Amino acid sequence: MTTLPERLLALRQERNVSQKSLVQEMGLALNTYVRYERGEREPTASVLALMADFYGVTIDYLMGRSEERP
């Protein structure tokens, strides 16, 4: 099963976006997002929704609960 940190890293790399530009676009703190990618912290539901919208995927996909991408 793929984990949230793995999905976040893979999606960001797919889009060829730096962490810095991503957090500026999403309105998140860089340190916080880095911790999400490292698995040191879990995002709130509202942040999960924001990230899912940004990447154009479902929350279930982000969380590794589904392999299907819209």
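Residues numbered from 1 in each chain as written. Predicted model: local features only at pLDDT ≥ 70, side-chain atom pairs only at ≥ 80, totals over all residues. Heavy atoms only, no water.

Q: Lay out the packing of helix α1 (residues 4–14) against helix α3 (residues 30–38) with the relevant residues and their values.
A: It is at 6 Å that the axes of α1 and α3 come closest, and there the two elements cross at 115 degrees. When the interaxial angle is binned, α1 and α3 end up roughly perpendicular. Note on element contacts: α3 touches α1 through Y33, Y36, E37 and R38, opposite P5, L8, L9 and R12. Partitioning the contact of α1 with α3 into residue classes produces five nonpolar, no polar and three charged. (Axes fitted to C-alpha atoms, helices over the stretch in contact; angles between N-to-C directions. Helix = DSSP H or I, 4+ residues; strand = E, 2+ residues; numbered from the N terminus. Parallel < 35°, antiparallel > 145°, perpendicular 65-115°, else oblique. Contact = heavy atoms within 4.5 Å. Nonpolar A, V, L, I, M, F, W, Y, C, P; charged D, E, K, R; others polar.)

Q: Account for the nonpolar core, naming residues and giving values.
A: Judged by nonpolar contacts, the single largest core of 19 residues is most densely connected at L8, L22, M26, Y33, M51, Y55 and L62. Leave out the neighbours within four places in its chain, and Y33 touches L8, R12, Q19, L22, V23, L28, M51 and Y55. (Core = buried A, V, L, I, M, F, W, Y, C linked by side-chain atoms within 4.5 Å. Buried < 20%, exposed > 50% of the residue type's maximum accessible area, 1.4 Å probe, protein only.)

Q: Requested: an account of helix α2 (residues 19–26), with residues and values cited.
A: Buried residues of α2: L22, V23 and M26, and no others. The buried residues of α2 occupy an angular sector of 95 degrees when the element is viewed end-on, so they sit on one face. Residues of α2 that are exposed and point over 90 degrees away from its buried face: K20, Q24 and E25. Residues of α2 that are buried sit in contact with α3 and α4 (45–55). The first or second residue beyond α2 is G27, which carries a positive phi of 80 degrees. (Arc of directions from axis to C-beta.)

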